[in-house]
Amino acid sequence: NANQFDQAIEMLSYIDDASLWAMPSQLLLNDIDAQLGNEDIAIKRFHSYVTRHEDNAHLHKELGDLYRRYQKYEKARDSYLKAKSYGLNAANLNRNLAIAHERLNEDSQAEIAFTKALEQNPNDPFTLNYLGYWWAESDRKLDQAIQLIERAVLLRPKNGFFVDSLGWVHYKLGNYKFAVEFL
């Protein structure tokens, strides 16, 4: 937090790969690399760590998140699917998988994963907003989109992104007065 990245990296290098702190140290290294703009180093290091722990579903999910952070959606999707194949089936995994599918224009797979995420956690405002905004942006299912986004705003009324989404869906529905108020 003091921007002493070299010292942090050196200290983290002392943590043994078999330690309880190995994964948190890898995630911290990823954050440092992200702040330093070392995308390739972060991916290479974490991919190597995941390879050494191939059957760890959570690590594949984290690798997918890292790929998604750097807009490598195909690799993100594949990592999320591998996490699922190893038994992880969490709502946030399904949401992130859905986002990867959506970014790859794999709409039917995205909708399946979003549906699964909402079945697992119907009150996840991020999933509600993302799906609703996606539908609104593509002029689909606008009546359902507004319901999802309204729920997201009820859950997080001070989130400007969600309120903006509500304005956008009102605009798409032709409710310009409401759209302006929310936007």
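Preceding this paragraph is the structure being described.
Residues numbered from 1 in each chain as written. Predicted model: local features only at pLDDT ≥ 70, side-chain atom pairs only at ≥ 80, totals over all residues. Heavy atoms only, no water.

Trainee: Just checking my understanding: could you explain the pattern of salt bridges for this structure?
Mentor: When charged atoms on two side chains of opposite charge get close, those side chains can pair. The full count for this structure, using the stated rule, is 12 salt bridges. Asp-31 is the salt-bridge partner of Arg-69, the closest N and O atoms lying 3.5 Å from each other. Taken as a pair, Arg-69 in helix 4 (residues 57-69) and Asp-31 in helix 2 (residues 22-36) lie far apart in primary sequence, 38 residues in all. Classification of Asp-31 as partly exposed rests on a relative accessible area of 35%. A salt bridge links Lys-141 to Glu-111, with the nearest nitrogen and oxygen atoms 2.9 Å apart. Taken together, the positions of Lys-141 in the loop between helix 8 (125-137) and helix 9 (142-155) and Glu-111 in helix 7 (residues 107-120) put the pair 30 residues apart, joining distant regions of the chain. On the accessibility criterion, Glu-111 (18% relative accessible area) is buried. In this structure, a network of salt bridges that share partners links the residues Arg-77, Asp-78 and Glu-106. (Salt bridge = Lys/Arg side-chain N within 4 Å of Asp/Glu carboxyl O. Helix = DSSP H or I, 4+ residues; strand = E, 2+ residues; numbered from the N terminus. Buried < 20%, exposed > 50% of the residue type's maximum accessible area, 1.4 Å probe, protein only.)

Trainee: Could you clarify how one ought to interpret helix 6 (residues 91-103) in this entry?
Mentor: Side chains three or four residues apart in an α-helix point the same way, a direct result of the helix having 3.6 residues per turn. An ideal rise of 1.5 Å per residue puts 18 Å on 13 residues; helix 6 measures up with 18 Å between its terminal C-alpha atoms. With 11 of 13 residues buried, helix 6 is to be regarded as a mostly interior element. Where helix 6 is concerned, the buried positions are Ala-91, Leu-93, Asn-94, Arg-95, Asn-96, Leu-97, Ala-98, Ile-99, Ala-100, His-101 and Glu-102. Among the structural elements, helix 4, helix 5 (73-85), helix 7 and helix 8 are those in contact with the buried residues of helix 6. (Expected span 1.5 Å × (residues − 1). Contact = heavy atoms within 4.5 Å.)

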